[in-house]
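Descriptive structure summary
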Amino acid sequence: MNNIFLNFSTLQKNKIAFWAMTIGMFFNLISVQNVGAAYRHIQGGLGAGPDEISWVLTSFLIAEVIMLPLSGWLTRTMSTRMFFFMCSMGFTAASILCGFAWSVDSMIFFRIIQGFFGGGMMPAMFSTMFTLYPQNKQQIIAILVGVIATLAAALGPHMGGWISEEFGWRFIFIINAPFSFILGVIVLRFSNFTEKEYLWNKIDFIGIGLLACFLGSALAILEEGRRADWFESNLICILSIICLLSFIFFIFRELKTKFPVVDLSIFLERNFLICSILVFIWGIVIFSSQYLLPVLIARVREFDSITIASMTYIMGAAQVLSGFLALILFMFLKRRIVCFIGFAMLALGTWMQGWMISEIGLQEIILPQFIRGLSAQLCFLPMVLLAMGHLKKDKLKNASGLYSLMNRLGAGIGIATTNSFLENKITEQYLYLGNLVDQRMENTSIFLNKLHNIIPKHLETSPESIRLSNQIIYSIGIQESTIIAFNQIMLIMAVIALCIAPLALLLKGIQK
């Protein structure tokens, strides 16, 4: 390898290292996507209950959002090269450990390690992109990076389902390890992005602790709140107090201390503040609906993971195409206009997805998924370019971590909140349908007569006939309630996306 790259200039080596960082980010994103498709296999392999197995994803997100705001300070302290190498090695080791987990508790612990180290890859890559490439090339580079990132959404679910079916769920973790290790070594060997700063004597331990308490308790509340009946639980009440107090003290600490671990003054820049709000809402709308659709198909149609991944593949493919669509639109329209169009398309696709039926199939989801997928990079790319384009180089590392944090917080909060909302709405709609049936007895009797014909003749006088009838009625009621609840969430998400879209028009353009 040394002979191959011997004649390369420092700039060329840095570019090779940058693309290695981008591919490393891809494998980090894959580790989130493919786990969702293999939930049932992991649950069966570890003997975990439904409440426990959801922490396999949530623990990763909690650790990731704690790392994201710390990444700016760590990059400055360790240098980008050493920081990314540390993240790659940590991610590699944690991936192997996840593959050999022997219980759900050990899996959650290893996923925390994996999420923490994986969380540093994206901000390190983004800050490098804006310092390595000149402004006239940043747009096309951002599009290529966006295409690689969205490939994770396109390939992840299908890859996770296929690997877990063919080779076992453990390999969806182990397969990441060799690639992450090689990419980390490439970055260590060939990159020379920035010099490290000696900041170890300026560590804001109090700020780090408050930040971890705030973010960790917030996501834990969202994950456990529904199961613990929210504020009826002493645990949720205690976590809420910890979350609120740690947030207040963290803001006060970071604004007053001389060496903050997170420089909050970056939010005084108008573009960065607006883009942070936009990417937070974008994370809620895009990821929560992307998470709920496979859940809906699994519950209502009871398809296997490979079939579900194939049905939702269209959105990932459209997300890849959206990068090239953004490049074309950038030639004719200002970036803030493209961003506005992206949010309008996201609202339209989400609204169309809010009219599903219990016989849901590919024909019902293909158009809304395609529109939502095409909107992805129309939203994300202008936000990245406009958020970072105004900043000075010494602000980029911290800004990149905070921007990624807002995106992942939106994803985590969106998934946890909509999941809780879905379960509550299913119960509410089931009771509503039950009352509606009582009020329409003439129609109900027609249905019961048809149901009577379904029951085998030899069971007509058996108690088994009553049990089967009740089971069929309950199954139909739950399916219809699930569809109604899902549709209500999608319509709410569409309204949120449409209402936030005009905010993009307030963004300032970048002077070339």
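Residues numbered from 1 in each chain as written. Predicted model: local features only at pLDDT ≥ 70, side-chain atom pairs only at ≥ 80, totals over all residues. Heavy atoms only, no water.

**Regarding the overall build of the protein chain**
Helix and strand content of the protein chain: 20 helices and zero strands. Expressed as a percentage of the 512 residues in the protein chain, the buried residues total 55%. Here the protein chain displays about 22,800 Å² of accessible surface, and carbon together with sulfur accounts for 68% of that area. (Helix = DSSP H or I, 4+ residues; strand = E, 2+ residues; numbered from the N terminus. Buried < 20%, exposed > 50% of the residue type's maximum accessible area, 1.4 Å probe, protein only. Areas by Shrake-Rupley, 256 points an atom, 1.4 Å probe, with all protein chains shown as cover.)

**Brief notes about the packing of helix α5 (residues 80–99) against helix α7 (residues 121–132)**
Two measures define how a pair of helices packs: the angle their axes make with one another and the distance between the axes. For the pair α5 and α7, the least separation of the axes is 10 Å and the interaxial angle reads 150°. In this view, α5 runs roughly antiparallel relative to α7, as classed from their interaxial angle. Helix-helix and strand crossings are classified by hand; for α5 and α7 the assignment is left-handed. On α7, the residues touching T80, F83, F84, C87, S88 and F91 of α5 are M121, A124 and T128. (Axes fitted to C-alpha atoms, helices over the stretch in contact; angles between N-to-C directions. Parallel < 35°, antiparallel > 145°, perpendicular 65-115°, else oblique. Left-handed = near helix turned anticlockwise from the far one by under 90°. Contact = heavy atoms within 4.5 Å.)

**Comments concerning unusual backbone geometry**
One non-glycine residue with positive phi stands out, namely S79, at about 80°. Relative to the elements of secondary structure, S79 occurs in the loop between α4 (55–78) and α5. Residue S79 is classed as buried on the basis of its relative accessible area of 7%.

**So, the confidence of the model for the protein chain**
Of the residues in the protein chain, 82% reach a pLDDT of 70 or more, and the chain-wide mean stands at 79. The least confident element of the protein chain, judged by mean pLDDT, is helix α19 (residues 441–454) at 55; the most confident is helix α16 (residues 335–352) at 92. (pLDDT = per-residue confidence, 0-100.)

**Re the environment of I489**
Locating I489 in the fold gives a position in helix α20 (residues 463–500). For I489, a relative accessible area of 3% puts it in the buried group. Through-space distance from the C-alpha of I489 to that of L292 is 9.5 Å; in sequence the pair is 197 residues apart. Not counting residues within four places of it along the chain, the set of residues in contact with I489 comprises L292, T418, F421 and L422.

**What about the nonpolar core?**
Of all hydrophobic cores here, the largest spans 126 residues; its most connected members are L278, W282, F343, M383 and Y403. At 16 residues, helix α13 (residues 270–300) tops the list of elements feeding residues into this core. Discounting chain neighbours no more than four positions away, the residues touching F343 are L278, W282, C379, M383, A497, I500 and A501. One finds V35, I42, V56 and F110 within the second-largest nonpolar core, a separate group that totals 13 residues. (Core = buried A, V, L, I, M, F, W, Y, C linked by side-chain atoms within 4.5 Å.)

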